[in-house]
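Structural overview for review
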Amino acid sequence: PRSPSSGPHVQETKVTRLCKTQKVMTVNGQFPGPTLEVNNGDSLVMFFVKMRMHGVRQITTAWADGPEFITQCPIRPGGSYTYRFMISGQEGTLWWHAHSSWVRATVYGALVIRPKVGDSYPFTKPKRDSVVVLGEWWNANPLDVIREAMRTGGAPNVSDAYTINGQPGDLYNCSTKDTVIVPVDSGETNLIRVINAALNQQLFFSIANHKLTVVGADASYVKPFTTSVLMLGPGQTTDVLIKADQPPARYYIAARAYASAQGAPFDNTTTTAILEYKTAPCPAKGVSSKPVMPSLPAFNDTNTATAFSTSFRSPGKTLVPTKIDDSLFITAGLGLNPCPPTASASTCQAPNRTRFTASMNNVSFVLPSNFSLLQAHHHGVPGVFTTDFPAKPPVTFDYTGNVSRSLWTPTRGTKVYKLKYGAKVQIVIQGTSIFTAENHPIHLHGYDFYIVAEGFGNFNPATDTSKFNLVDPPLRNTVSLPVNGWAVIRFVADNPGTWIMHCHLDVHIGWGLATVLLVENGVGELATLQQPPADLPAIPTQDQTKQA
Ligand code: C2O
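Residues numbered from 1 in each chain as written. Predicted model: local features only at pLDDT ≥ 70, side-chain atom pairs only at ≥ 80, totals over all residues. Heavy atoms only, no water.

**Description of the side chain of Asn495**
Positionally, Asn495 belongs in the loop between β31 (485–492) and β32 (497–503). Taking the relative accessible area as the measure of exposure, Asn495 reaches 0% and is therefore buried. Within the local environment of Asn495, its side chain forms a polar contact with the backbone nitrogen of Thr60, the two atoms lying 3.0 Å apart. Ignoring sequence-local partners within four residues, the contact set of Asn495 consists of Arg57, Gln58, Ile59, Thr60, Tyr421, Gly446, Tyr447 and Val519. (Helix = DSSP H or I, 4+ residues; strand = E, 2+ residues; numbered from the N terminus. Buried < 20%, exposed > 50% of the residue type's maximum accessible area, 1.4 Å probe, protein only. Polar contact = N/O pair within 3.5 Å; in protein donor to acceptor, adjacent residues only side chain to side chain. Contact = heavy atoms within 4.5 Å.)

**Examining the confidence of the model for the protein chain**
Summary statistics for the protein chain give a mean pLDDT of 93 and a share of 96% for residues scoring 70 or more. pLDDT under 50 marks residues 1–6. Its contacts with residues more than four places away, or in other chains, come to 7 contacts. Segment residues 542–548 is flagged for pLDDT under 50; beyond a separation of four residues in sequence, or across chains, it makes 4 contacts in the model. As scored by the predictor, the complex reaches a pTM of 0.96 and an ipTM of 0.99. (pLDDT = per-residue confidence, 0-100.)

**A word on the packing of aromatic side chains**
As enumerated under the stated definition, the model contains 18 aromatic pairs in all. Between Phe204 and Tyr258, the ring centres sit 5.0 Å apart and the planes meet at 45 degrees, which makes this aromatic pair tilted. Pair noted here: Phe204 is in strand β13 (residues 203–207) and Tyr258 is in the loop between β18 (250–257) and β19 (270–279), with a separation of 54 residues, a long-range link. Just as Phe204 is buried, Tyr258 falls in that class too. Both rings, one in Tyr447 and one in Phe491, keep their centres 5.0 Å apart while their planes meet at 45 degrees; by these two values the pair is tilted. Highlighted residues: Tyr447 in the loop between β27 (440–444) and β28 (449–456) and Phe491 in strand β31, separated in sequence by 44 residues. Looking at Tyr447, the relative accessible area reads 2%, which means it is buried. An aromatic cluster is built from Phe31, Tyr108 and Trp137, whose rings are joined through pairwise contacts. For the cation-ring pair, Arg17 lies above Trp137, with the distance from its terminal atom to the ring centre recorded as 5.9 Å. Positioned over the ring face of Phe312 is Arg476, at 4.8 Å from the centre of the ring. (Phe/Tyr/Trp six-rings, centres within 6.5 Å; stacked < 30°, edge-to-face > 60°. Lys NZ or Arg CZ within 6 Å of the ring centre and 35° of its normal.)

**Details of the side chain of Arg250**
Within the secondary structure, Arg250 is located in strand β18. Judged by relative accessible area, Arg250 falls into the buried class, the value being 16%. Among the polar contacts made by the side chain of Arg250, one reaches the side chain of Glu276 at a distance of 3.1 Å. With near-sequence residues (within four places) excluded, Arg250 lies in contact with Ile181, Ile274, Leu275, Glu276, Val287, Ser288, Ser289, Lys290, Pro291 and Val292.

Put into structure tokens, the structure is as follows:
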């Protein structure tokens, strides 16, 4: 382990974008943070403050998962915590980010996982390998943006720019000279790892004049398919091969919103980087020319988004469970809390003088405030959570339209759902539309899951079950729930711990769109949660609890 003073640390740093300088949180002053490069099979010991390895399975090492109050208490100012874990069985691209309020708006970076030492890619070895991280930028401190939204009860301001590797690019004020250049070798095949690290927005992505051959997603390989547009929900990654077979020139790489929610405000701008052909080796020279712009789908082009997200297949035999032990039906949606009559209008700025909320199965998830769930579970501390998260919603209804009023105002609670070790689990995730239909990229910690089906409207077991793909469904860690629709995921509960499942639009997490799956220990070392590391941020003592 590196010593704390030499390890990465989170600090406030002045960053200038769109002609304005902001103080934001960064890792070591870098925005975005550094790319971590590892191999499948590596065992990592990392000193990192406020970190989460998004998508790393953390088998038996839930202690290193990262989310505050779920698997650890927050690291105290000046304190440190060393995350120890293995990368096993995952290859491709993941990322890391802070998991505390909106800190991740600026505290994030790529995690590149190459094949095991001695192994090769299941495709032609790319000449170059580049990371393209999509993000969002506010002309304000993002922590102030969410604080203000929580105060008013309304929606937070939308971002002022999207970014590629932290830079808005050519189409924004004061951004041209810093536009990111992604080099490719003329005539060669290049791998581009696309990550959606945006806080609240699903994004379309395209590169002018180039076909994208999708070979991986969320650190699993997929059966290659070719497309001109990607759509990524926050949390998702997509690895593409591009053949640099066009006339040597410069081509725009561009991303902009896929905003299918009806009437919800969104940032309608476009971020760009430049794909630049390198010719004549030694030294390779970039070609300068005016870049060509790709045509991106309209912001509400659901057909293109759906065609893309349903193109994913696993490349070989899968381990998708065919028999199910535990079947859940979980609704995911927004809600509105009425305001007490005495509340001031300025704190009730959701529609009809209410406050926004969100829930799964009508339970709005509340983080514990002085304990983490994993510590409470491991040490048997009562009173931190209850195990009565319901396996289905309290009432069934037409989730896509006329939603029962009883679902508008969820209950609040720290409720988890218990799973036996080894259980074969199916979850139908059904979006609800309370006053507007919304997107929800649903992410589960600790697991990759098979997406066996997705569709629009209300999930209907009688007709939809027959459409399940139990042959070659894709393995992902985040599923973009279709607006006014549903998705069905399956996995084996083979990783003990407390795993949060949440919408990866951060504004929705704050409103409670989350729940926790508590997977019990099984028998044997590989089925048992390890002992907590000695430097795990301690559970506060009684005294500290009183002060807090
Ligand atoms: Cu990428 Cu719970 O997060």
